[in-house]
Amino acid sequence: MNNLNVKMQRKNQFIDDIWAHLKAFKLKRNLFAGHLAKNDLYHFSRLNSIPTVNEEKLKNYDDDLKKLHFEFERRFQDFSAIQTELDIFTMPFNVNCEGQICSLN
């Protein structure tokens, strides 16, 4: 989260840069949660260095990642609401212009 915070505070960024940082963080968070749920500690070097990890602690970490997910979605719900408009800037060739602001009148 600290890396995301630093990236989002950089100066002279366009909205699509910030949106890319947010999407990358969401994907990373989902990856970590999935691995943690399978007891795959590859991305958790400190936990991986412990010979036997307490299953209850892993459950707590999983719960914390779920809380982070919901809080993240709540705080950035405005971005999610305009995701289609943001995708026009980040992936212009993947957006269906029918019904979008793309019409040339």
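The preceding data block contains the structure.
Here's a quick rundown of the structure. Once a new chain begins, its residue numbering starts again from 1 and follows that chain's sequence as written. In keeping with the predicted nature of the model, local features appear solely for residues at pLDDT of at least 70, side-chain atom pairs appear and are counted solely at 80 or more, and the whole-chain, interface and lining totals rest on all residues. As a convention, hydrogens and water are excluded, and side-chain values are obtained from all of the structure's heavy atoms.

**Observations concerning the packing of aromatic side chains**
Only centres within 6.5 Å qualify two rings of Phe, Tyr or Trp (six-membered ring in Trp) as a pair; their planes then separate them into stacked at under 30 degrees, edge-to-face at over 60, and tilted for everything else. Applying the stated rule across the entire model yields three aromatic pairs. With a centroid separation of 4.8 Å and an interplanar angle of 50°, the aromatic rings of Phe72 and Phe76 are classed as tilted. An aromatic cluster is present here, built from Phe25, Phe72 and Phe76 joined pairwise through their rings.

**Observations regarding the layout of surface pockets**
A probe as big as a water molecule, rolled over the atoms, marks out the empty space that is left. Cavities and pockets are found on a 1 Å grid laid over the protein atoms alone: a cavity is a set of points where a 1.4 Å probe fits but cannot escape, a pocket is an open set with protein on both sides within 12 Å along at least five of seven lines, and a lining residue has an atom within 4 Å of such a point. Grid points are joined across faces, edges and corners, and a volume is the space filled by probe spheres set on the points. Looking at the largest pocket, its volume works out to about 270 Å³. Forming the boundary of the largest pocket are 13 residues, of which Met1, Asn3, Leu4, Phe25 and Lys28 lie nearest the centre. Within the residue set of the lining of the largest pocket, elements represented by two or more residues are α1 (2-8), α2 (15-37) and α4 (55-75). Numbering of helices and strands runs from the N terminus, with a helix taken as a DSSP run of H or I at least four residues long and a strand as a DSSP run of E at least two residues long. The element that contributes the greatest number of residues to the lining of the largest pocket is α2, accounting for six residues. Of the residues in the lining of the largest pocket, the class split is seven nonpolar, three polar and three charged. Reported here for the second largest pocket is a volume of approximately 190 Å³. Around the second largest pocket sit Met1, Leu4, Asn5, Met8, Phe25, Leu68, Glu71, Phe72, Arg75 and Phe76, which together line it. Of all elements in the fold, only α1 and α4 reach the threshold of two or more residues within the lining of the second largest pocket. Tallying contributions element by element places α4 first for the lining of the second largest pocket, with four residues. Three residue categories are used. Nonpolar comprises Ala, Val, Leu, Ile, Met, Phe, Trp, Tyr, Cys and Pro, charged comprises Asp, Glu, Lys and Arg, and polar comprises the others, including Gly. Here the residues of the lining of the second largest pocket sort into seven nonpolar, one polar and two charged.

**Structural notes on unusual backbone geometry**
Residue Asn12 is not a glycine yet carries a positive backbone phi of 60°. We note that Asn39 has phi near 60°; this positive angle belongs to a residue other than glycine. Position of Asn39 among the secondary structure elements: in the loop between α2 and α3 (45-48). Partly exposed residues are those whose accessible area sits between 20% and 50% of the maximum for their type, while under 20% is buried and over 50% is exposed, using a 1.4 Å probe and protein chains only. Judged by relative accessible area, Asn39 falls into the partly exposed class, the value being 40%.

**Things to note about the nonpolar core**
Counting residues in each nonpolar core, the largest one holds eight residues, listed as Leu4, Ile18, Trp19, Leu22, Phe25, Phe72, Phe79 and Leu86. Tallying contributions element by element places α2 first for this core, with four residues. Throughout, a contact is declared for two residues whenever any of their heavy atoms are within 4.5 Å. In this structure, Phe79 is in contact with Ile15, Ile18, Trp19, Leu22 and Leu86, ignoring residues within four places of it in sequence. Side-chain atoms within 4.5 Å are what join buried Ala, Val, Leu, Ile, Met, Phe, Trp, Tyr and Cys residues into a set we call a nonpolar core. Core analysis: the next-biggest nonpolar cluster, separate from the first, contains six residues, Leu36, Leu47, Leu58 and Leu65 among them.

**Digging into the pattern of salt bridges**
Throughout this description, the term salt bridge denotes a Lys or Arg side-chain nitrogen within 4 Å of a carboxyl oxygen of Asp or Glu. Summed over all chains, the structure comprises six salt bridges. Its salt-bridge partner being Lys59, residue Asp63 comes within 3.1 Å of it at the nearest N-O pair. Residue Asp63 and its partner Lys59 are both found in helix α4; the two are separated by four residues, about one turn of the helix. In this structure, Lys66 engages Asp62 in a salt bridge whose closest nitrogen and oxygen atoms are separated by 3.4 Å. Within this pair, Lys66 and its partner Asp62 are both found in helix α4, separated by four residues, close to a single helical turn.

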